[in-house]
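Chains, contacts and geometry: an overview
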Amino acid sequence: MSALNMKKLFPLIFLIMGIGCATNTPPPNFAPNDVGLIKNRANADLRSISVTIAQPQEQIGKKIKLGQQAIYSAAWGDVPGHWKNALENALIRANAFDLTSEKKVSVLVKVLQYWQPSMSGTFPTTVTAQYDILDASTGSIVFSSTIETVGKTEMSHAFVGAIRSLESQNRAVQMNIIQFIQQLEGADLSKPIFPGRQK
């Protein structure tokens, strides 16, 4: 094969490896499988969960663009909604909060970074999220942590690049949720980090 033909062939090869065909791509699966029971659950009753995308001035790294995932599957048009459902599911399975506690709290998740290269073999996806736990009665922040995880998908997982791309995103968010639950183990939510209104 001539050098000229090889030059024409390379973009096609990268296209197949990087993006591939978007047929039969999986929906978001942010719920981690390996969630175990927390031995020392948080001393609070979880009342609500919110997941939002940070404002442009709050974002770190490259600006967050989530709309393009929907070209693979319509379900990918609501990443925050799937993240919220997966987090709620994982917290229930971990028995992370005490439903009998008088202290009522909300978990607020702000996505600060959600990025992956447009073309790659493993599509390393970087996800950074800030987790705040809010005391519902005072508005005080009693827990705050920023968690960054990177999800990758091996080439053997799927030939189609779009599938590997989405699976890397699944894995990045799953690891993010797992790390948050691990940090909840024995967390003391009795003292405010950022005070709210006084009772």
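Above this text you will find the structure in question.
Read on for an overview of the structure.

Criteria and thresholds
- Residues numbered from 1 in each chain as written.
- Predicted model: local features only at pLDDT ≥ 70, side-chain atom pairs only at ≥ 80, totals over all residues.
- Heavy atoms only, no water.
- Helix = DSSP H or I, 4+ residues; strand = E, 2+ residues; numbered from the N terminus.
- Buried < 20%, exposed > 50% of the residue type's maximum accessible area, 1.4 Å probe, protein only.
- Contact = heavy atoms within 4.5 Å.
- Areas by Shrake-Rupley, 256 points an atom, 1.4 Å probe, with all protein chains shown as cover.
- Salt bridge = Lys/Arg side-chain N within 4 Å of Asp/Glu carboxyl O.
- Pairing = 2+ DSSP bridges.
- Axes fitted to C-alpha atoms, helices over the stretch in contact; angles between N-to-C directions.
- Core = buried A, V, L, I, M, F, W, Y, C linked by side-chain atoms within 4.5 Å.
- Phe/Tyr/Trp six-rings, centres within 6.5 Å; stacked < 30°, edge-to-face > 60°.
- Polar contact = N/O pair within 3.5 Å; in protein donor to acceptor, adjacent residues only side chain to side chain.
- Expected span 1.5 Å × (residues − 1).

For the rest of this paragraph, the subject is the overall build of the protein. Check the secondary structure of the protein and you find three helices and four strands. Listing each helix as α and each strand as β along the protein from the N terminus yields α-β-α-β-β-β-α. Out of the 199 residues in the protein, the part that is buried amounts to 43%. Long-range contacts, defined as pairs at least 24 residues apart, comprise 76% of the intrachain contacts of the protein with a sequence gap of at least 6. When the accessible area of the protein is evaluated, it comes to approximately 10,600 Å², of which 56% is carbon and sulfur surface.

Tallied over the entire structure, the rule returns five salt bridges. Asp 135 is the partner of Lys 103 in a salt bridge, and the nearest nitrogen-oxygen pair spans 3.0 Å. A residue pair is termed long-range when its members are at least 10 positions apart, and Lys 103 in the loop between helix H2 (79-94) and strand E2 (104-115) and Asp 135 in strand E3 (residues 125-135) qualify at 32 residues. A salt bridge links Glu 167 to Arg 171, with the nearest nitrogen and oxygen atoms 3.0 Å apart. Within this pair, Glu 167 and its partner Arg 171 are both found in helix H3 (residues 161-184), separated by four residues, close to a single helical turn.

For the rest of this paragraph, the subject is the sheet that holds E2. Within the open sheet, the four strands sit side by side as E1-E2-E3-E4. Their pairing is mixed. Edge strands, defined here as strands with exactly one partner in the open sheet, are strand E1 (45-53) and strand E4 (141-151). Pairs of neighbouring strands in the sheet enclose a mean axial angle of 20°, with direction left out of account. Contacting E1, E2 and E3, H2 crosses the sheet at an angle of about 155° to E1.

A few words now on the nonpolar core. A general feature of soluble globular proteins is that nonpolar side chains tend to end up buried together. With 41 residues, the main nonpolar core has Trp 83, Leu 87, Phe 97, Tyr 114, Tyr 131, Ile 133 and Phe 180 as its most contacted residues. When residues of this core are traced back to their parent elements, those giving at least two are E1, H2, E2, E3, E4 and H3.

By the definition in use, this model includes four aromatic pairs. On the basis of an interplanar angle of 10° and a centroid distance of 4.4 Å, the ring pair of Tyr 131 and Phe 180 is categorised as stacked. With Tyr 131 in strand E3 and Phe 180 in helix H3, this pair connects stretches of sequence that are 49 residues apart. Like Phe 180, Tyr 131 is buried.

Turning our attention to the pairing of E4. With ten bridges joining them, E3 and E4 adopt antiparallel strand pairing. Paired with Ala 129 across the strands is Ile 147, a residue of E4. Hairpin connection between E3 and E4: a loop of five residues separates the two successive antiparallel strands, and Gly 139 in this loop has a positive phi of roughly 80°.

Within the secondary structure, Thr 125 sits in strand E3. Here Thr 125 falls in the buried class, since its relative accessible area comes to 0%. Residues in contact with Thr 125, not counting those within four places in the same chain, are Trp 115, Gln 116, Thr 149, Val 150, Gly 151, Ser 165, Ser 168, Gln 169 and Ala 172.

So, on to the environment of Gly 77. For Gly 77, the location among the structural elements is in the loop between E1 and H2. Considering only alpha carbons, one finds Gly 77 and Pro 28, 49 residues apart in sequence, at a separation of 9.6 Å.

Next up on the list: the side chain of Gln 59. On the secondary structure map, Gln 59 appears in the loop between E1 and H2. At 2.8 Å, the side chain of Gln 59 and the backbone oxygen of Ala 54 are in polar contact. The contact partners of Gln 59, leaving out residues within four places of it in the chain, are Ile 53, Ala 54, Ile 64 and Leu 112.

This part is about H2. Helix length check: H2, at 16 residues, gives a terminal C-alpha distance of 22 Å against a target of 22 Å (1.5 Å per residue), a fit within 8%. When we look at burial in H2, the residues that qualify are Val 79, Gly 81, Trp 83, Ala 86, Leu 87, Ala 90, Leu 91 and Ala 94. Sitting at the amino-terminal end of H2 is Asp 78, which places a side-chain oxygen 3.0 Å from the backbone nitrogen of Gly 81. Remark: Asn 95 follows H2 within two positions and exhibits a positive phi of approximately 55°.

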